[in-house]
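Analysis of the macromolecular model
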Amino acid sequence: ATSSLALAGCGGGDPLSRIESTYDRMVNDLCSRCPAATGSSTEAECRAAGAANNPFSGAQWDCQRGVYQRFPNELGPYYDCISRSVTSYESCMRSATASCPPTSESITACNDQLNAGIQACPRPDSIMATTELSACFAD
């Protein structure tokens with residue numbers, strides 16, 4: 001998993017790589033400045049929590065990446081929008097952790113903002129891309 005994070009850190013041009021890079025940068029920043037942001041007492045504990053809770057890794061994310069690679073034009077606008085939401089989330093978390101430890105209200109506000117931003121992203125209008133993407137979340 002470490003090698004994929006290192007590759008993502010290069011900030012590839014596709015929106016999925018930008019999302020991964022932003023998340024990794026946020027975890028690095030928060031954990032070095034304020035491990036308490038994740039309820040951790042040490043930087044290492046914080047990084048472990050950040051990796052364990054990373055929504056942009058694992059089988060579902062790998063599946064989304066595969067679908068994106070097959071339908072980059074159809075899915076580009078959707079993932080660009082998610083990338084913008086994750087970048088806003090990073091800024092929000094930076095502000096929330098300016099005072100360490102952050103208040104639970106400030107963290108909740110950032111999470112709510114992220115979820116609302118992602119929900120507002122325009123769904124792809126390609127039936128094939130949407131069907132394949134849906135399969136990534138099927139149990």
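The structure this text deals with has already been given above.
Residues numbered from 1 in each chain as written. Predicted model: local features only at pLDDT ≥ 70, side-chain atom pairs only at ≥ 80, totals over all residues. Heavy atoms only, no water.

Let us look at the nonpolar core. If you look at the biggest cluster of nonpolar residues, it comprises 31 residues, and the most contacted ones within it are Ile19, Leu75, Tyr79, Ile82 and Met93. Of all the secondary-structure elements, those providing two or more residues to this core are α2 (15–33), α4 (59–70), α5 (72–96), α6 (104–119) and α7 (127–135). With 10 residues, the top contributor of residues to this core is α5. Here Ile82 is in contact with Ile19, Ile118 and Cys121, once residues within four sequence places are set aside. (Core = buried A, V, L, I, M, F, W, Y, C linked by side-chain atoms within 4.5 Å. Buried < 20%, exposed > 50% of the residue type's maximum accessible area, 1.4 Å probe, protein only. Helix = DSSP H or I, 4+ residues; strand = E, 2+ residues; numbered from the N terminus. Contact = heavy atoms within 4.5 Å.)

What follows concerns unusual backbone geometry. Here the bond from Cys100 into Pro101 is cis, since omega is 0 degrees, no more than 30 degrees from zero. Here Pro101 shows up in the loop between α5 and α6.

Quick look at the packing of aromatic side chains now. For the structure on display, the rule yields five aromatic pairs. Geometrically, the ring pair formed by Phe56 and Trp61 is edge-to-face, given 5.2 Å between the ring centres and 70 degrees between the ring planes. Relative accessible area serves as the criterion here: at 11%, Phe56 is assigned to the buried category. For the pair Trp61 and Tyr79, a centre-to-centre distance of 6.3 Å together with 85 degrees between the ring planes defines the contact as edge-to-face. Separated by 18 residues along the polypeptide, Trp61 in helix α4 and Tyr79 in helix α5 bring together distant segments of the chain. The exposure class of Trp61 is buried, given its relative accessible area of 4%. Residue classification places Tyr79 among the buried residues on the basis of a relative accessible area of 0%. (Phe/Tyr/Trp six-rings, centres within 6.5 Å; stacked < 30°, edge-to-face > 60°.)

One turn of an α-helix holds 3.6 residues; hence residues three or four places apart share an orientation. For α6, with 16 residues, the first-to-last C-alpha span of 22 Å sits near the 22 Å given by 1.5 Å per residue. Listed in full, the buried residues belonging to α6 are Ile107, Cys110, Leu114 and Ile118. The buried residues of α6 occupy an angular sector of 65 degrees when the element is viewed end-on, so they sit on one face. Projecting away from the buried face of α6 at angles above 90 degrees are the exposed residues Glu105 and Gln119. Each element contacted by the buried residues of α6 is listed here: α5. (Expected span 1.5 Å × (residues − 1). Arc of directions from axis to C-beta.)

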